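What follows is the residue order along each chain.
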Amino acid sequence: MIFWIAGSLLVLLLAALLWRSRRAPGFADTAGGHASEIEIDEVDDEIRGVFIAEMRNEIGSLRRNLPRWRMAPTDLERAVPLRRSFHTLKGGGRLVGAVAIGDFCASIERLLLDMIEGEVSADPPVVDVVSRAVAMLPSLLAEFSGERTAGVDVRALARTAEQLAAPARNSASPRRPAPTPARGAGAVRATRPGSAR
């Protein structure tokens, strides 16, 4: 609960700082006001600093919680802090214009959420993707903060995460039991696509 509140406060703080800097003279407006369209050079240094500090904290949290979950992947409670960290990084990254970080973390969060909700099994491929994602984050942070050009391409891993998560959503309808033969109008209505969920 404390971590969820801290993550929410971070997103609110980043949003407030971003709003303030956008009101400053010379801050380029973005089409539609979407954070994903903000150029990183246009983001206020204070906002960048807040996000960089928070990303370091979340990486530390992920490094602490990942081994606990890897020891018992089917204990889904242990995966909740991991999902929360990726959720925080997704929101913060998109707010500061770190689109690659935001979108990458969104794909990992989605996979973890599907697993926590029982749509995806905690199989070795899932554990491997999450572990590799955590290992990539320091390089992404270094690249965003300007410490070094890491040249990390996260697209392949993000696609793998999406492929592991997607079957649970795409096959949701086929997995439902076939409807019994209709005897009345009510049964016919229940078998229409999209009417029963």
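Here the structure is shown first, and the text comes after it.
Please read all numbers here as calculations on a predicted model, not as lab measurements. (Residues numbered from 1 in each chain as written. Predicted model: local features only at pLDDT ≥ 70, side-chain atom pairs only at ≥ 80, totals over all residues. Heavy atoms only, no water.)

## Considering the overall build of the protein chain
Quick note on the threshold: Secondary structure elements follow DSSP: runs of H or I no shorter than four residues count as helices, runs of E no shorter than two count as strands, and numbering proceeds from the N terminus. When accessible area is computed with a 1.4 Å probe and restricted to protein chains, residues below 20% of their type maximum are described as buried, those above 50% as exposed, and intermediate ones as partly exposed. Whether two residues are in contact is decided by their heavy atoms, any of which lying within 4.5 Å being enough.
In terms of regular secondary structure, the protein chain is built from seven helices and zero strands. Overall, the protein chain shows an N-to-C arrangement of helices and strands of α-α-α-α-α-α-α. Counting all 197 residues of the protein chain, 39% fall into the buried class. Long-range pairs, those at least 24 residues apart, make up 65% of the contacts in the protein chain between residues at least 6 apart in sequence.

## A look at the packing of helix 2 (residues 45-71) against helix 5 (residues 124-145)
The following threshold applies: Geometry is summarised by axes, namely lines fitted to C-alpha atoms with helices restricted to the contacting stretch, and by angles between N-to-C directions that run from 0 to 180 degrees. These descriptions rest on fixed angle ranges, namely under 35 degrees for roughly parallel, over 145 for roughly antiparallel, 65 to 115 for roughly perpendicular, and the rest for oblique. Should the near helix be turned counterclockwise from the far one by less than a right angle, the crossing is left-handed, whereas a clockwise turn marks it as right-handed. For this scheme, ten residues count as nonpolar: Ala, Val, Leu, Ile, Met, Phe, Trp, Tyr, Cys and Pro. Four count as charged, namely Asp, Glu, Lys and Arg, and the remainder, Gly too, count as polar.
Running from amino to carboxyl end, helix 2 crosses helix 5 at an angle of 155°, the nearest separation of the two axes being 10 Å. Looking at the two axes, helix 2 sits roughly antiparallel to helix 5. Two packed elements cross with a definite hand, and for helix 2 against helix 5 that hand is left-handed. Here R48, F51, I52, M55, R56, I59, L62, R63, L66, W69 and R70 of helix 2 lie close against helix 5, whose contacting residues are V126, V127, V130, S131, V134, L137, P138, L140, L141, F144 and S145. Tallied by class, residues from the contact of helix 2 with helix 5 come to 16 nonpolar, two polar and four charged.

## Re the packing of aromatic side chains
The criterion, for reference: Two aromatic rings from Phe, Tyr or Trp, using only the six-membered ring of Trp, form a pair when their centres are within 6.5 Å; if the ring planes differ by under 30 degrees the pair is stacked, by over 60 it is edge-to-face, and anything between is tilted. For a Lys NZ or an Arg CZ to count as sitting over a ring, it must be within 6 Å of the ring centre and within 35 degrees of the ring normal.
Inspection of every chain in the model, using the stated rule, returns one aromatic pair. Lying over the aromatic face of F144, R48 brings its terminal NZ or CZ to 4.7 Å of the ring centre.

## Section: the nonpolar core
Side chains that are nonpolar tend, in soluble globular proteins, to be buried together. Applied cut-off: Note on terminology: a nonpolar core comprises buried Ala, Val, Leu, Ile, Met, Phe, Trp, Tyr and Cys residues joined through side-chain atoms within 4.5 Å.
The biggest cluster of nonpolar side chains holds 39 residues, and the ones touching the most others in it are M55, W69, F86, F104, I108 and L137. Elements supplying a minimum of two residues to this core: helix 2, helix 3 (80-95), helix 4 (99-116), helix 5 and helix 6 (155-170). Every residue in contact with L137, bar those within four places of it in the chain, is listed here: M55, I59, L62, F86, L89, F104 and C105.

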